[in-house]
Amino acid sequence: MKKQFAVIGLGRFGGSICKSLMNEGMDVLAIDQDEEKVNEFASIATQAVIADSTDEKALKSLGIRNFDHVVVAIGDNIQASILTTLILDEMKVKHITVKAQNDYHETVLNRIGAHEIVHPERDMGIRIAHNVVSDNVLDYLELSDEHSIVELAAGPTIDGKTIVDLDVRSTYGCNILAIKRNEELTVSPEPEVKLYEGDILIIIGADADISRLESYWI
Ligand code: ADP
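Being a predicted model, the structure only gives us computed values, none of them experimental.

Participant: Can you help me understand the sheet that holds strand 10 (residues 184-187) in this one?
Facilitator: Sheets are built from strands paired through backbone hydrogen bonds, the pairs being either parallel or antiparallel. Strand order across the open sheet formed by five strands is 7-8-11-9-10, with antiparallel pairing between neighbours. Only two strands of the sheet have a single partner each, and these edge strands are strand 7 (137-142) and strand 10. Neighbour-to-neighbour, the strand axes of this sheet turn through a mean angle of 15°, independent of strand direction.

Participant: Please explain the site of the ligand as it appears in this structure.
Facilitator: The environment of the ligand is made up of 21 residues, and the closest members are G9, G11, R12, F13 and G75. For the shell around the ligand, the elements supplying multiple residues, two or more each, are helix 1 (12-23) and strand 2 (27-32). No other element matches the three residues that helix 1 contributes to the shell around the ligand. Broken down by class, the residue content of the shell around the ligand amounts to seven nonpolar, eight polar and six charged.

Participant: Whenever I open this one, the domain arrangement of the protein confuses me. Can you help?
Facilitator: Interfaces are frequently sized by the accessible area removed from exposure as the parts join. The domains assigned to the protein are domain 1 (4-118) and domain 2 (123-217). For domain 1 versus domain 2, the distance between C-alpha centres works out to 37 Å.

Participant: What is the right way to read the pairing of strand 5 (residues 96-99) from this model?
Facilitator: For a regular strand, side-chain orientation follows a simple rule: the groups alternate between the two sheet faces. As paired strands, strand 4 (residues 69-72) and strand 5 are joined by three bridges and run parallel to one another. Counted as the bridge partner of V71 is T97 from strand 5. Read from strand 4 through helix 4 (residues 78-90) to strand 5, the crossover connection turns out right-handed. The handedness of the strand 5 to strand 6 (residues 116-118) crossover, carried by helix 5 (residues 103-111), is right-handed.

Participant: Sorry, what's going on with the nonpolar core here?
Facilitator: Soluble globular proteins tend to pack their nonpolar side chains together in the buried interior. Judged by nonpolar contacts, the single largest core of 30 residues is most densely connected at A6, V7, I8, C18, A30 and V70. Listing elements by their share of this core, those giving two or more residues are strand 1 (4-8), helix 1, strand 2, strand 4 and strand 5. V7 has contacts with G14, I17, C18, V28, A30, I31, V71 and A73, leaving out every residue within four places of it along the chain.

Participant: Could you clarify how one ought to interpret helix 9 (residues 207-217) in this entry?
Facilitator: Turn by turn, an α-helix covers 3.6 residues, leaving residues three or four places apart pointing in a common direction. Looking only at helix 9, the buried set comprises D209, I210, L213 and W217. For helix 9, the angular spread of the buried residues around the axis is 100°, confining them to a single face. Those residues of helix 9 that are exposed and angled more than 90 degrees off the buried face are A208 and S215. Where the residues of helix 9 are buried, they touch strand 8 (147-153), helix 8 (168-172) and strand 11 (200-206).

Participant: Looking at this structure, I do not really get the environment of A206. What am I missing?
Facilitator: The residue A206 is located in strand 11 in this model. Considering only alpha carbons, one finds A206 and S148, 58 residues apart in sequence, at a separation of 6.4 Å. In contact with A206, not counting residues within four places along its chain, are E146, H147 and G173.

Participant: Help me understand the environment of L185, please; the structure alone is not making it clear to me.
Facilitator: Of note, L185 is situated in strand 10. Taking the number of C-beta atoms within 10 Å as the measure of exposure, L185 has 12 and is therefore exposed. Discounting residues that sit within four places of it in the chain, L185 has contacts with A178 and K180.

Cut-offs and rules
- Residues numbered from 1 in each chain as written.
- Predicted model: local features only at pLDDT ≥ 70, side-chain atom pairs only at ≥ 80, totals over all residues.
- Pairing = 2+ DSSP bridges.
- Helix = DSSP H or I, 4+ residues; strand = E, 2+ residues; numbered from the N terminus.
- Axes fitted to C-alpha atoms, helices over the stretch in contact; angles between N-to-C directions.
- Near = placed C-beta within 6 Å.
- Nonpolar A, V, L, I, M, F, W, Y, C, P; charged D, E, K, R; others polar.
- Domains from an automatic or database assignment.
- Right-handed = clockwise from strand over helix to strand, strands pointing away.
- Core = buried A, V, L, I, M, F, W, Y, C linked by C-beta atoms within 7 Å.
- Buried ≥ 20, exposed ≤ 12 C-beta atoms within 10 Å, placed from the backbone.
- Contact = placed C-beta atoms within 7 Å.
- Arc of directions from axis to C-beta.

Below, the structure written as structure tokens:
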């Protein structure tokens, strides 16, 4: 059976979630208090309704309790976001994801039943900062406070060397998950595989280890 999602708040973030879920073939109920936003999503979402999510009765009448996953994507109105999350938690919604606007907002959301908190602006900021600080870091995904997956462009120092030669795991404590060369992707490369300048290496490890490896490989 298709998963049933509801997205509350159809700003840039909520709107983008809604469109992506529809592209994935999910059922999405799009909710906003702004009639214009709802009209815009009437032809995009499975269903789009005007409602104030801080109104418990309105959420009940939409049967929000029965949805598999509710995303609260209310932006600037932190109070409305918190109240909505409280109501959803009281209704025992199975999975609640909430967009946090700042750290204070996140702390409160953690206490009141949000199952997952996302911080899109902050996370994207961190990701872009990594990309601009180092020319060799092409992309970056934070796994925890200390671990990441990075896409690194291989520099001349490692040209022609194998993964064994470089002793990546024991010297740097990192693992090469995959190598992209031209359009080809080799996942879990064998230790004998040779690396060439310009290869794109997808590496997992502790941030400190990745930094060490980066400084040697550039
Ligand atoms: P973003 O930063 O993701 O663009 P916005 O703050 O622009 O976020 O958009 C948030 C959306 O949430 C707006 O369309 C707004 O009308 C909607 N919204 C805010 N409060 C409520 C509420 N109580 N009930 C329903 N929708 C709300």
